[in-house]
Amino acid sequence: MALYIVSTPIGNLEDFSFRAIEILKKVNSILAEDTRVSRKLLSHYEIETPVFRYHDFNKEKVTPSLVCRLKENEEMALITDAGTPGIADPAFFLVRAAIRENVKIVPVPGASAFLCALVGSGLPTDRFIFENFLPHKSSRRIKLFLSLKEEPRTIIFYETPHRILKVLKELNDTLGEIQIVIARELTKFYEEFLRGTPKELLSHFDKHPPKGEMVVLFNIRNKYET
Ligand code: SAM
C-alpha cells in the first residue's frame, strides 16, 4: 500500500520524469484534480490507468474511502493539474489522512512553478517565503505587504492576470520602488521574466495586457538591481 505524490509538468510536456511515468502506469488508480486536464498528459504518455477526481470540492467526502482502499493494499498516485501536488491544491488533506492510517507516502518530485520562477528570477535563492495565492481582499493584501517591509527573505506568490494590476498598485503604495520579478508562462512558448518597479511593470502592462500564468517575486533588500 502506497500513495505516490507525483509531480507533472507546468507547461512543457517533456518535463516529466521516467520514474513518474512508470509509477503512473503501474498504480491501480490515479487521483487527479481535473480529469479532463490530466487525460491530455496521460494519453500523451500512453498511460491507461483509471483516473478519478480528487478536488477541493469532494476531498472531505471521498478521503475516508480512498484511505480504506489504500489500507487494503491498493496503490494510488495523486497528481494535480500542473506541477507538484500539495502546492496550491488539496493534496495535503489526503496525505495527512493517509499518514494517520500508516499508509506509505512516496513523493515523486518534478516541476513546481514557484521554484522554477525563483531560480530564474535573479533574486536571492538562499532563503525565501512562499505565500501561495494572496488573500482576495485588498485590505488583507495591503496588511500583508506592510508586514513584509523588513523581511530579508525573497517573497514568492502566485497571481492571476486579472488581478495583477491591482496588486502592483498596492505594492507601489505600500513598499514603493522595489524591484519586482514576474515569471510568466514558465516552460511554455511565451515564457518570459519581466523585471522592474511596480510602476514600470504597470506601464509595461499598459502596452501588453497581462495574460497567462504568473509567479510574482521580490526581495526588499534587492531594491535597485535584480
Ligand atoms: N501545483 C502547482 C505548482 O506546483 O506550481 C501550482 C498550481 S496553482 C493552482 C496554479 C498557479 O501556479 C497559477 O495561477 C500560477 O500562478 C502558477 N503557475 C502554474 N504554472 C505556471 C507556469 N507555467 N508559469 C507561471 N506560473 C505558473
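To keep things clear, this report deals only with the structure shown in the data block. Because the structure is predicted, anything quoted here is derived from the model rather than measured.

By size, the foremost hydrophobic cluster in this structure holds 23 residues, and its most contacted members are F145, F157, L168, L171, I180, I182 and F218. Of all the secondary-structure elements, those providing two or more residues to this core are helix 6 (138-147), strand 7 (154-159), helix 7 (164-175), strand 8 (180-184), helix 8 (198-207) and strand 10 (214-218). Of the residues forming this core, the biggest block, 5 residues, is contributed by helix 7. Setting aside its immediate chain neighbours within four residues, I180 contacts L168, L171, L194, R195, G196, T197, P198, L201, V216, L217 and F218. Y4, I30, I47 and V51 belong to the second largest nonpolar core, which has 20 residues in total.

A word on the packing of helix 7 against helix 8. Look at helix 7 against helix 8: their axes get within 9 Å of each other, and the N-to-C directions meet at 155 degrees. Taken together, the axis directions place helix 7 and helix 8 in an arrangement best described as roughly antiparallel. The way helix 7 lies across helix 8 gives a crossing that is left-handed. Contact with helix 7, carried on its side by I164, L165, L168, K169, L171 and N172, involves P198, K199, L201, L202 and F205 of helix 8 and no other residues of that element. Of the residues belonging to the contact of helix 7 with helix 8, the class tally is 8 nonpolar, 1 polar and 2 charged.

All right, on to helix 4 (residues 91-100) then. For helix 4, every residue scored as buried is listed here: A91, L94, V95, A97 and A98. Across the axial projection of helix 4, the buried residues extend over an arc of 165 degrees, all falling on one side. Away from its buried face by more than 90 degrees, helix 4 exposes F92 and R100. Looking one or two places after helix 4, you find N102, whose phi comes out positive at around 60 degrees.

Bringing the side chain of S29 into the picture now. Along the chain, S29 turns up in strand 2 (residues 29-32). A distance of 3.4 Å separates polar atoms of two side chains, one belonging to S29 and the other to R69. Beyond its immediate sequence surroundings of up to four residues, S29 is in contact with T49, P50, F52, R69, E74, E75, M76 and A77.

Scanning the entire structure with this criterion turns up 11 salt bridges. E101 is the partner of K71 in a salt bridge, and the nearest nitrogen-oxygen pair spans 2.8 Å. Highlighted residues: K71 in helix 3 (residues 59-71) and E101 in the loop between helix 4 and strand 5 (104-108), separated in sequence by 30 residues. Overall, the relative accessible area of 44% leaves K71 in the partly exposed class. For E101, a relative accessible area of 34% gives the class partly exposed. Connected through shared salt-bridge partners, E185, K188 and E213 make up one network.

Cut-off values and rules
- Residues numbered from 1 in each chain as written.
- Predicted model: local features only at pLDDT ≥ 70, side-chain atom pairs only at ≥ 80, totals over all residues.
- Heavy atoms only, no water.
- Core = buried A, V, L, I, M, F, W, Y, C linked by side-chain atoms within 4.5 Å.
- Buried < 20%, exposed > 50% of the residue type's maximum accessible area, 1.4 Å probe, protein only.
- Helix = DSSP H or I, 4+ residues; strand = E, 2+ residues; numbered from the N terminus.
- Contact = heavy atoms within 4.5 Å.
- Axes fitted to C-alpha atoms, helices over the stretch in contact; angles between N-to-C directions.
- Parallel < 35°, antiparallel > 145°, perpendicular 65-115°, else oblique.
- Left-handed = near helix turned anticlockwise from the far one by under 90°.
- Nonpolar A, V, L, I, M, F, W, Y, C, P; charged D, E, K, R; others polar.
- Arc of directions from axis to C-beta.
- Polar contact = N/O pair within 3.5 Å; in protein donor to acceptor, adjacent residues only side chain to side chain.
- Salt bridge = Lys/Arg side-chain N within 4 Å of Asp/Glu carboxyl O.

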